[in-house]
Each structure stands twice: as C-alpha cells, then as structure tokens.
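# Structural overview for review
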Protein chains: 2
Amino acid sequence: MAKYQQLVDQLREQIEANIWQPGEKLPSLRQQADQSGLSLMTVMHAYEVLESQGWILSKPQSGYYIAPRAAALRPRLATQTVERLEQTDTNSFVFDVLQATRDPAIMPFGSAFPDPELFPQRQLMRSLVKVSHNLKPTDALNNLPPGNPELRKILAQRYAQQGITISPDDIVITNGAMEALNLSLQAVTEPGDWVVIENPSFYGALQAIERLKLNAIAIASDVEQGIDFDELEQALQRWPVKACWLMTNRQNPLGFTLSNTRKEQLVALLARYGVTLIEDDVYSELWIGEEKPLPAKAFDRLGDVMHCGSFSKNLVAGFRIGWVAAGRHAQRVQRIQLMSTLSTSAPMQLALADFLSTRSYDSHLKRLRQTLAKRKQLARTALRQVLPADARISDTPGGYFLWVALPEGINTTQLYHLALEQGISIAPGQLFSSSEDFRHCFRFNTAWPWDARAEAAVEKLGQLIKQLHP
Amino acid sequence: MAKYQQLVDQLREQIEANIWQPGEKLPSLRQQADQSGLSLMTVMHAYEVLESQGWILSKPQSGYYIAPRAAALRPRLATQTVERLEQTDTNSFVFDVLQATRDPAIMPFGSAFPDPELFPQRQLMRSLVKVSHNLKPTDALNNLPPGNPELRKILAQRYAQQGITISPDDIVITNGAMEALNLSLQAVTEPGDWVVIENPSFYGALQAIERLKLNAIAIASDVEQGIDFDELEQALQRWPVKACWLMTNRQNPLGFTLSNTRKEQLVALLARYGVTLIEDDVYSELWIGEEKPLPAKAFDRLGDVMHCGSFSKNLVAGFRIGWVAAGRHAQRVQRIQLMSTLSTSAPMQLALADFLSTRSYDSHLKRLRQTLAKRKQLARTALRQVLPADARISDTPGGYFLWVALPEGINTTQLYHLALEQGISIAPGQLFSSSEDFRHCFRFNTAWPWDARAEAAVEKLGQLIKQLHP
C-alpha cells in the first residue's frame, strides 16, 4: 500500500472513531509530516485524497478541518466515493418520480402540484384572451428583466397589505419559483461555497446545490419547530456559509410553519453571520386561520433575505411565472437572468398582471384554501384507517401535503416501486434527503378529488405497507 | 519580498519574454525545487499563484503547463488580476449597452433584435387568442420538458425539409435560444473545463463561460472563412477541450456563413477530438439566395452537435421560445432544465405550434428576408457616405448586422459613449472579445426603418467618427 494511502486510512479511522470532531483543525502539513516521518508531498497527497472524499476540507489561509458529517452532503467533495454515486442515483430517482406523476393513469399522490381543476380556468382564459388581442410589437422590450412593471407593482402592493415595504424595483419576475431560487443561489455563491439547507428539504434545493457545485450542510428540521437553531448556529460558527435556503411557511415536505418569533430570530441569527437567507415561500397563500403568516422577509433589515414566490401552486402552473424580492441582490439577479434565459415571456406576464388587477384573486384563494383543507382532512382520515397503528401522520395546518412516518424498517423507496406497479405514486423520503434518516417516510399529496378511485388507491397502499411491515 | 513571490515574478517575466511557449510543460514541483533551491512548499505556492493569475494551468496526473495567451480568456483562473477586472467591466458594459437599446428615445443601431414591426403581429395574436380560448388544466403537465409534442414535430419536419433527420425526441423546447445555449453548455461541461469560442463572438458566449466558471480559448475568426481550422486543431491538441460554441450561419457579429464543405470539416475535426459542437444558429432563417444554408448539424453522425435555434429573431421576441436539437445529450438537457426553470410556459408553446401549423410562416419569412435585405443595403450606402475612406464595412449576405472596422486608433467604446449622448446606440467591438483586437470595430443593426431619423443619426455618427479620427 502506498504511504499516503496508509495515512488516509489511518486518519479516516480516527475520524470515524470520533477521535477528531467535525470542525476541529487537523495538524498542519508540516506538523503532520514531522509527526509521521512522512514527506510533505506524501502528507499533502493524503490530505488531498481525504478532501476529495469529503472527510476534511481546507480553509484558505487557515488549514485543514474535519468536515461536518452524517447530515452533510458532499456533492462536490465526494467525487469518487459511494456518497457521490448515491447522490447521482437520488437525482436520477427524482426524475423518475417526477416522470411517473405525469402519467394520467397514475394516481398522483407523489406529485408536488395541486389538482389544476382547482384553478380559475375561465378567468385566466379571459385575461389571456384580452392580452392576446392587445399584443404590441414593443411588448418584448417592455417586459425584459426586472419584468412587467404593473405585475411588480401588484406584488409590492400585496407585500404592503401584510405591512411589508418592498420596492417594485427590488422584485424580479422569473420563469417560475424554480428560476427565482436558482438565480438567488447563483447571485450569492461561487462553486465550492457552503450553503445550509434543511434535512429533509425540497429536492430542488439538493439538485440546485449539486448543479452549482456547492457544498451543503443539512441541518435537522423538526415537524413542530423547523430548523434547529443551535445546530444552525454551530454550523455558522464552523463553516464559511454564504447562504441558507429554506422554507418558513408550510415547509416541503414536513408541512410546518415557523412562528413570527422564530422567523425573526432566524433572520437575526443569519444577519449576525452575514449569511443570505433564500426563502422559498411558494405555498405562502395556502394558509389556514386568521391571517396569512408573514414571511421571514418581513424581518429583513439589511436587504439580505431573498423571498421567492410563485403562482404555480395556487393560480396557474403552466404560465411559469414566479418572482424574487431580492433586496440588495436585485440587480445581480436580473443580470444573471439576462445571461441565462434573457427574460420571462411577455404575454404570460401581461396576462397575470391583468388577472391580478381585474379578477378576484383573493376570493379564488379563499375557496382554494377551503377545498384543500377539506381534501386534506378526508385524505388524513382515509390514510389513518389503512396505516399501521404506529405510523405517524403530520398534522400541520395549511398546504396540501401530509408527511407520513411509517414504522422504522419499512423502506418507502421499495414501497414507491411496488405502488407504482399498481398505478399509484408517492414521494418517498429518499427524495428529500441525502441521509438515510427518512427512508421510512413519504410525502402524500392530498390536493386531488377524494373519489372512489382515490379511496381504492389508499386502500391498496395500505395493503402494500402491511406486506412490507415485518 | 517573500520567496514564492520572487519565483512568481521570475516565471512571469520568462513567460512574457516568450521563454516559455503556451502549451509547454513547466518543470515539475520537485524539479523546480531542486533547480531553485527553494522548498517544495514555496514552489507549490508560487505555482498556485501563477495558476490563480492565469499564467499557467495544471492538468491532473500530468503537471503544469503554460496557459494560452492573448486570445485566451481566463475568467476562472485570473481571479485577482487586471484581466479579471477587465472581464467584469466588459460584462457590466454589456448590460449598459443592452440597457441603452431599451430606451425608445435611443436609435437602436446597437440592438441585437430586429424591428418587431416586421413580425406578423395579427397572425400571432390570432393564434394566441385561439389557444387562450382552449386552455386546459392539464396544459402545464403536457408541455413539460422536452416540451410540446406538436411543436417538436413541426421543428423536426422543418429539419427534414432540409434533408436532416432529427427525431422530435431529441428536441428540447427552451426559454429562448439563450436558455438552449446555456443548458447545452452545462450539459457537457463542469466548472474548470475548457471551451473553444470564436474571436470575436456573441457576448452571450463570453458571459455564459464566465458564469459557469469555464476556461475559454478564443480562436480567431475571419469575415470570409470563419474560424481558423489550423488554430482550432492546435488548441484541440494542446488543451482538454470539452465543447466548441460557435455560429455557422450569419455569425454574430461578423456576419459570415460557413460553406457546407467547411461545416462538414468542422464537425469531422471536432468529432476526431471528441469535442461537442454547440451550434448557435439563431439567424438561420435570415438567408439570401437560392436556398437555406444547412447547419453543421446536418453533418453530425455521432449526435454530438447541439443545434440551438429560436423564433426571437424572425417571428416573435416576447414569447421566449427556442429549442435545441441536442442529439445524445437530449435527456441531460431536459433534466438540467427541470432543475433550473422547470419548463417553458404552456400557452406560449401552444400558440407557436398553432401559428406554425396554421399560418403562413414561410411566406412571412420570405417577406422578412426581402425587407431586411433592402434595409441593409440602404444602411450600408448611408454608412459608406459618412465613414472615413479607409473604414471597412462587411459585405456578407443575409442577416441584418453590418460589421464596421474603422481605422485603427479610433476607439469604438469611446464612440459608443459619445453617440449615446446624442441618442444613438451602437454595439462596440469591446462587447465581442476580451482581447483588444476589435476596439476599432462596431456592429450596426440595419433592421430598422430607414427614415429621416435614421439618416440623421448616421450623419451624426459620421461626424463623431471624424472627430475621433486623428
């Protein structure tokens, strides 16, 4: 065995045995060389191998440190290890699951979108027809980034209704929230930078991080309280984190909504460490209760919270219109958009601006929330009847997802495949984490009509789970 | 001065004095340490600094080599040098120029888009109205990547009319050609990879390369012959190039169209080195002559040419619909799109499919080509009258750009600023190259009505040039 490999193995064993704690500093190259009697080159080679495998990481002008573990993703570091393969498999698996939800013959419990029949089809059509009759040659020019001025003004007014002051100039209209989130992440990071996400989290965050060659630290989130602030602060102390991407309202997949107090604490904590918050708030309109919860953006004093919203989950999916209230990063977001997709389509922006200014968006949302709440209740009851007694179903208000934790030992990826053979899709825990922590969980979309077909599908799902139950 | 800095300075002087040629291998770390009497760590530090400044580069398992010069961009390597600042300035300058062309009070000779009044506004409106009346809740789902099946079939049929066999399955509909080109580049590269572009080239290529942290080798292109094949092959021999991004028809900004023979040779040459061709063909419909020129894609035997097209320059800019015929990379492109913008908007895809299948697209294109040819002729004549006798104006058929080379010594960036004060925009050579080679050139958009305002603007431009002429 090569000398450097002996050192690699030795250090790896020590890290696994907790002799070195995550965040702790390793001996310098020279110290290590002196201690081990190996040459500097050999030590350097060993450190490079450990770094490429994600065990340690180098900080410029500082030295080598033990990398965060278990909860940490290492898409960029772990280029040749099993972790990387698993990550790629997960990515590929996400596409398979998405593909399955497209087939109308498949019961779409695994889908991320609500039943589009719940959207105000006729009113949307009328707005689009009206806009189509008034297309102008100059439309393309007048709707370039930051986007349609009327639409941005309406969005700013909606923020103002919640007491949040946001200038229309800080809002950039995007090709859906997916582009908003991706542009935000690109605006504040470079490849190799560190980003905090939640565990579990929206798989789009995992994919964006891998695509942009970032390093992620996944902090545990809890169905009640959301992200663990102590762990978050430890991570911020230890790593040069640039951004934190998370959901504050009806988190996907867990469903929790942070309290105003916790949102304010979160913004203050991140501000203390100079870390940008990328707030994915695509379910913001799907609340239940007295009033719409505030976003964390409401507590932003420094313009360093990038609040990403969308119409795709509550009004129309196919228009592909989202936005980001990007604060002091607004110009940079615009520029990256100009370089990557140039702009959002003019007629879609115009049609939405028309809809929002002339139709009854808020009445639609009220009806939508009521219908979703009923469907969720029905689905929850049906699931409860077929699931093992020790299965837990999340009970968070609003949104349309249920998060189901089956007894440990039941593998929901296996369940996914079995269910798919029966024409039923679910979103298994594997999609939402690169750790093994949620392999017994799945996300269940309740935003579909609760009919005989849905009931039969839930019945069938229950049978499959029983078969897998040891 | 630190020891490593002495070595840095010494090697830099040697490189500048051509003691080391681009592509040549440097002594290994150990050899250099032995020669210089410096420690390995010091040598390594010096090499790292030189690499970070773009003077040298490391090839895995091989060693350090002198980086290509002059024509080479080093956006990733030259993080702290003047080159990097210039690059950033250029990027910022591109946005300033784009911004200026948005103002209707400014004469848009610097714009990249044709006069939208040339587009079949009424027919487009009718298609969009028709589609709007028939919106379906399932539209979003049915138009996800790779995109609307009908639209992909029509595109495949248009390729077939030219004798090119492309499966609709290999076509991905995108948010304009800008997204098609960016997705293509992402599909075949990782940060740090090498890409060949032309000098001069479309500024979007320069921006994409910087954004994706790639290294670029810019090969000289000639107004008659296009890219220099000898230089291209030398670059392919020396550097681990992954992709070559260029234009084969009515290249932007020079205007040339490669002959079929040269297109075939280009594809064969790149195939020999396993390099993907990303073919930007957004002006493909704006030809003049007997028949539409083939794309290089026509000679692709391996599915390794990614042919990017768009409707934005010849039918409608505001819909933001483009595509890539991505060959064997089609699935990867789809997946990156799903992760970055999810999809192109459904109504826009449907409206275009309707327009193309029911309206007279080819008659429109014929009229458009004739009008553009006339306008270009008028603009050329007008420019000739006001330019110095030793200015050269490109005379390439088709498209709507003229490439003007003023006498050396006239700085067109300066001209740009002076002209803008007079309400006239041009696209100065600086936009199209990170080298200084085209600082006396500018691109002139002739696709605007040739009226008294335009004539007065050209007159004024001529006066400004005379003022700058030594």
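Residues numbered from 1 in each chain as written. Chains lettered and ligands numbered in written order. Predicted model: local features only at pLDDT ≥ 70, side-chain atom pairs only at ≥ 80, totals over all residues. Heavy atoms only, no water.

## Concerning the interface of chain B and chain A
- Facing 55 residues of chain B, the contacting portion of chain A comprises 55 residues.
- Of the roughly 5100 Å² buried between chain B and chain A, counting both surfaces, carbon and sulfur atoms make up 66%.
- Counting the surface chain B buries against chain A, the share from its top three residues, Phe95(B), Arg102(B) and Met339(B), is 14%.
- Joining chain B to chain A, the criterion identifies two salt bridges.
- Between Lys213(A) and Glu190(B) there is a salt bridge; the shortest N-O distance is 2.4 Å.
- Taken together, the residues of the side of chain B that touches chain A break down into 27 nonpolar, 16 polar and 12 charged. (Contact = heavy atoms within 4.5 Å. Buried area = accessible area lost by both parts, 1.4 Å probe. Salt bridge = Lys/Arg side-chain N within 4 Å of Asp/Glu carboxyl O. Nonpolar A, V, L, I, M, F, W, Y, C, P; charged D, E, K, R; others polar.)

## Regarding the packing of helix H7 (residues 149-161) of chain A against helix H13 (residues 346-358) of chain A
Residue and element names in this part refer to chain A.
- Contact geometry of H7 with H13 gives a least axis separation of 8 Å together with a crossing angle of 40°. Of the possible angle classes, the one that applies to H7 and H13 is oblique. The hand of the H7/H13 crossing is left-handed. Mapping the contact onto sequence places Glu 150, Leu 151 and Ile 154 in H7 and Gln 349, Leu 352, Ala 353, Leu 356 and Ser 357 in H13.
- Looking at side-chain class alone, the contact of H7 with H13 contains five nonpolar, two polar and one charged residues. (Axes fitted to C-alpha atoms, helices over the stretch in contact; angles between N-to-C directions. Helix = DSSP H or I, 4+ residues; strand = E, 2+ residues; numbered from the N terminus. Parallel < 35°, antiparallel > 145°, perpendicular 65-115°, else oblique. Left-handed = near helix turned anticlockwise from the far one by under 90°.)

## A look at the nonpolar core
- Membership of the largest hydrophobic core comes to 289 residues, with the highest contact counts inside it found for Phe109(A), Phe319(A), Phe444(A), Phe109(B), Phe319(B) and Phe444(B).
- If sequence neighbours within four positions are ignored, Phe319(A) has contacts with Leu124(A), Leu128(A), Met348(A), Ala351(A), Leu352(A), Leu135(B), Ser345(B) and Pro347(B).
- Val8(A), Trp20(A), Tyr47(A) and Ile56(B) belong to the second largest nonpolar core, which has 38 residues in total. (Core = buried A, V, L, I, M, F, W, Y, C linked by side-chain atoms within 4.5 Å. Buried < 20%, exposed > 50% of the residue type's maximum accessible area, 1.4 Å probe, protein only.)

## Observations regarding the domain arrangement of chain A
Residue and element names in this part refer to chain A.
- Domain parsing of chain A yields domain 1 (3-67), domain 2 (88-117 + 363-468) and domain 3 (119-361).
- If you look at the interface, domain 2 gives 33 residues, while domain 3 gives 30 residues.
- Summed over both sides, the interface of domain 2 with domain 3 buries roughly 2800 Å², with 62% coming from carbon and sulfur.
- Of all residues in domain 2, the largest losses of buried area upon contact with domain 3 belong to His 364, Arg 369 and Phe 432, amounting jointly to 21% of the total for that side.
- If you list the elements that add at least two residues to the side of domain 2 that touches domain 3, you get helix H4 (82-100), helix H14 (361-386) and strand S14 (401-405).
- Tallying contributions element by element places H14 first for the side of domain 2 that touches domain 3, with seven residues.
- Here the side of domain 2 that touches domain 3 is composed, by residue class, of 18 nonpolar, 10 polar and five charged. (Domains from an automatic or database assignment.)

## So, the relation of the copies chain B and chain A
- Overlaying chain B on chain A yields an RMSD of 0.2 Å, the required transformation being a rotation through 180° with an accompanying axial translation of 0.2 Å. Such a combination of turn and shift is consistent with a two-fold rotation axis. Residue Val129(B) of chain B places its C-alpha closer to the rotation axis than any other residue of that unit, at 2.4 Å.
- Taken as a fraction of all interface residues of chain B, those also at the interface in chain A reach 100%, which identifies the copy contact as same-surface. (Least-squares fit on C-alpha atoms with pLDDT ≥ 70 in both.)

## Details of empty space enclosed by the protein
All names here are of chain B.
- Considering all chains together, one arrives at 14 cavities of 30 Å³ or more under this definition.
- One number sums up the size of the largest cavity: a volume of about 180 Å³.
- As for the largest cavity, its lining consists of 19 residues, of which Tyr 159, Ser 284, Glu 285, Lys 292 and Trp 323 are closest to the centre.
- Only helix H7 (149-161) and strand S11 (305-310) provide two or more residues apiece to the lining of the largest cavity.
- A per-class count over the lining of the largest cavity returns eight nonpolar, seven polar and four charged. (1 Å grid on protein atoms, 1.4 Å probe; cavity = no way out; pocket = protein on both sides within 12 Å on 5 of 7 lines; lining within 4 Å. Points joined across faces, edges and corners; volume = space filled by probe spheres on them.)

## Concerning the environment of Thr261(A)
Residues and elements named next belong to chain A.
- Turning to its location among the elements, Thr 261 is positioned in helix H11 (residues 260-272).
- Note on Thr 261: relative accessible area 49%, which makes it partly exposed.
- Between the C-alpha atoms of Thr 261 and Phe 299, which are 38 residues apart in sequence, the distance is 9.8 Å.

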